[in-house]
Amino acid sequence: MTDASRSARFNGSSSVWLFLLLTVSLICCSEEGESNVELDRASAEALLFEWTKSPGLRAHARAVEAALCAYAKKYGEDEALWGVTGLLHDMDYEKHPSPEEHPETGCAVLREAGYPEEMIQAILGHAQYLNVPRETRLAQALFAVDELVGLITAVALVNPAKDIRQVKPRSIRKKWKDKNFAKGVNRADVELGASELGVPLEEHVAFTLEAMQGAAEDLGLDGSRSG
Ligand SMILES: [Fe+2]
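Cut-off values and rules
Residues numbered from 1 in each chain as written. Predicted model: local features only at pLDDT ≥ 70, side-chain atom pairs only at ≥ 80, totals over all residues. Helix = DSSP H or I, 4+ residues; strand = E, 2+ residues; numbered from the N terminus. Buried ≥ 20, exposed ≤ 12 C-beta atoms within 10 Å, placed from the backbone. Contact = placed C-beta atoms within 7 Å. Expected span 1.5 Å × (residues − 1).

Draft legend 1. Representation of the environment of G125. Tracing the chain through its elements places G125 in helix α6 (residues 117-125). A residue is classified by how many C-beta atoms lie within 10 Å of it, and G125, with 23 of them, is buried. Between the alpha carbons of G125 and T136 there is a distance of 9.8 Å; along the sequence they are 11 residues apart.

Draft legend 2. Quick peek at the environment of E135. Within the secondary structure layout, E135 lies in the loop between α6 and α7 (137-158). Accessibility expressed as a C-beta count within 10 Å gives 12 for E135, which makes it exposed.

Draft legend 3. Spotlight on the environment of D92. Counting through the fold element by element, D92 comes out in the loop between α4 (79-88) and α5 (104-113). Judged by C-beta crowding, with 22 C-beta atoms within 10 Å, D92 ranks as buried. A C-alpha to C-alpha distance of 8.4 Å links D92 and E104, two positions 12 residues apart in sequence. Those residues in contact with D92 that sit more than four places away from it in its chain are W51, E101, H102, P103, T105 and G106.

Draft legend 4. Local environment of helix α3 (residues 55-75). In this model, α3 (21 residues) spans 30 Å end to end at C-alpha, consistent with the 30 Å of a helix rising 1.5 Å per residue. Of the residues trailing α3, G76 is marked for its positive phi of about 70°.

This is how it looks when you write it as structure tokens:
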């Protein structure tokens, strides 16, 4: 046997071992309850649209997605997982808004569809009344941005041009203190979320604003609604 053919046989058997190793790894992952669904944005958006018709709720989902994608990038986490979690975290809210049903109805659908448990636990954790501990950074980030994107959106909509790219962090700070502005936004939840995430509140607000500014067109906050 020549050196070349010995090397070819060695490479061939290495490939077989590598294939077997990968197969065993994949089987082990699925036995441990890992996701068996593609975390692609198009499928997640289709699911969101199937459940949610309100343009405002769809925009909220996109805003949370933008903020979570930015945080995933900052922390070197899985952007696809974080983004899809943002998109789908309130998918059942339009049909099942009561605390008895939201977000558990949506989580049951997501679990059945094979979405990862980390995502489902994060979605459960963003509903304070369920008392599900926010043990992962994803869960903490989702809770931290959920209410905040509502306040930032409200500030962008009172901007004369309705363009979020013109909004400064100081405008958010000013409206933060005005308890009559966007009354539904729970400021205490945002403060708690930022502290769980370990980010100073002002930094968290500026970071989330910047993430939303990067998605201005997608959020309908690019000035196209003015006039
Ligand atoms: Fe939400």
